[in-house]
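# Examination of the molecular architecture
Now for the letters of each chain:
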Amino acid sequence: MHIRHAQRQHIPGNVLIHAGDLTHFGTPRELQVAFDWLVFLPHEHKIVIAGNHDTYLQTVEGRSWVHAWQERCIIYLEDEAHTIHVRGRAFKIFGSPFTSQHGNGAFQYSRTGVTGTPSH
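Treat the numbers as computed from the prediction; the structure is a model and nothing was measured.

In terms of nonpolar packing, the biggest core is built from 19 residues, with Leu22, Leu31, Leu38, Val48, Leu57, Trp69 and Tyr76 touching the most fellow members. Among residues more than four places away in sequence, those in contact with leucine 38 are Leu16, Leu22, Lys46, Val48 and Ile74. Counting residues in each nonpolar core, the second largest holds seven residues, with Ile49, Ile75, Ile84 and Val86 among its members.

For the rest of this paragraph, the subject is helix 2 (residues 60–71). Residues of helix 2 that are buried: Gly62, Trp65, Val66 and Trp69. Across the axial projection of helix 2, the buried residues extend over an arc of 110°, all falling on one side. Turned more than 90 degrees off the buried face of helix 2, the exposed positions are Val60, His67 and Glu71. At its buried positions, helix 2 is contacted by helix 1 (28–40), strand 2 (45–49) and strand 3 (74–76). Following helix 2 by one or two positions, cysteine 73 adopts a phi angle in the positive range, close to 65°.

Our focus in this paragraph is the sheet that holds strand 2. Here we have three strands laid out as an open sheet, ordered 1-2-3, and parallel in their pairing. Strands with a single pairing partner mark the edges of an open sheet, and in this sheet they are strand 1 (15–19) and strand 3. Ignoring strand direction, the axes of neighbouring strands in this sheet form an average angle of 20°. Strand direction decides the pairing type here: strand 2 and strand 3, joined by three bridges, are parallel.

On to the pairing of strand 4 (residues 80–86), then. Where strand 4 meets strand 5 (residues 89–95), seven bridges bridge the pair, whose relative direction is antiparallel. Its bridge partner being in strand 5, histidine 82 is matched across the sheet by isoleucine 93. The antiparallel pairing of strand 4 with strand 5 creates a hairpin that spans two residues between the two strands, and arginine 87 there sits at a positive phi of about 50°.

Another point: the side chain of asparagine 52. Considering the arrangement of structural elements, one finds asparagine 52 in the loop between strand 2 and helix 2. Given a relative accessible area of 19%, asparagine 52 falls into the buried group.

With that settled, consider the pattern of salt bridges. Side-chain pairs of opposite charge can arise where the charged atoms are in close proximity. Inspection of every chain in the model, using the stated rule, returns one salt bridge. For the salt bridge of arginine 63 with glutamate 78, the shortest nitrogen-to-oxygen distance reads 3.0 Å. Of this pair, arginine 63 sits in helix 2 while glutamate 78 sits in the loop between strand 3 and strand 4, and the two are 15 residues apart along the sequence. On the accessibility criterion, glutamate 78 (17% relative accessible area) is buried.

About the criteria used
Residues numbered from 1 in each chain as written. Predicted model: local features only at pLDDT ≥ 70, side-chain atom pairs only at ≥ 80, totals over all residues. Heavy atoms only, no water. Core = buried A, V, L, I, M, F, W, Y, C linked by side-chain atoms within 4.5 Å. Buried < 20%, exposed > 50% of the residue type's maximum accessible area, 1.4 Å probe, protein only. Contact = heavy atoms within 4.5 Å. Helix = DSSP H or I, 4+ residues; strand = E, 2+ residues; numbered from the N terminus. Arc of directions from axis to C-beta. Pairing = 2+ DSSP bridges. Axes fitted to C-alpha atoms, helices over the stretch in contact; angles between N-to-C directions. Salt bridge = Lys/Arg side-chain N within 4 Å of Asp/Glu carboxyl O.

Shown next, in the form of structure tokens:
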């Protein structure tokens, strides 16, 4: 979705999961636009997992955004799980932005396996 969040119509529901690429270039401005869009949405539970374009979230300053999100009931998952309750049922959701390396994006790990040989 990137910076076009505000141009999208939202689908009603109890839970919104945005997995990957809140931004296109990883800038603080784009992140603010995404945050404003998320705050606007009416969903009871909003869960966000960053993507490889979200480079700002790997900085100290970017991580401070996560605290502001929590204050607005937006759950940010980075290698962790969170349990939500919907209609009397518990759902445990795990989220990780990490992916194998392809380019210079954020949240990437080497494709080299533990033994030093490429993973397939």
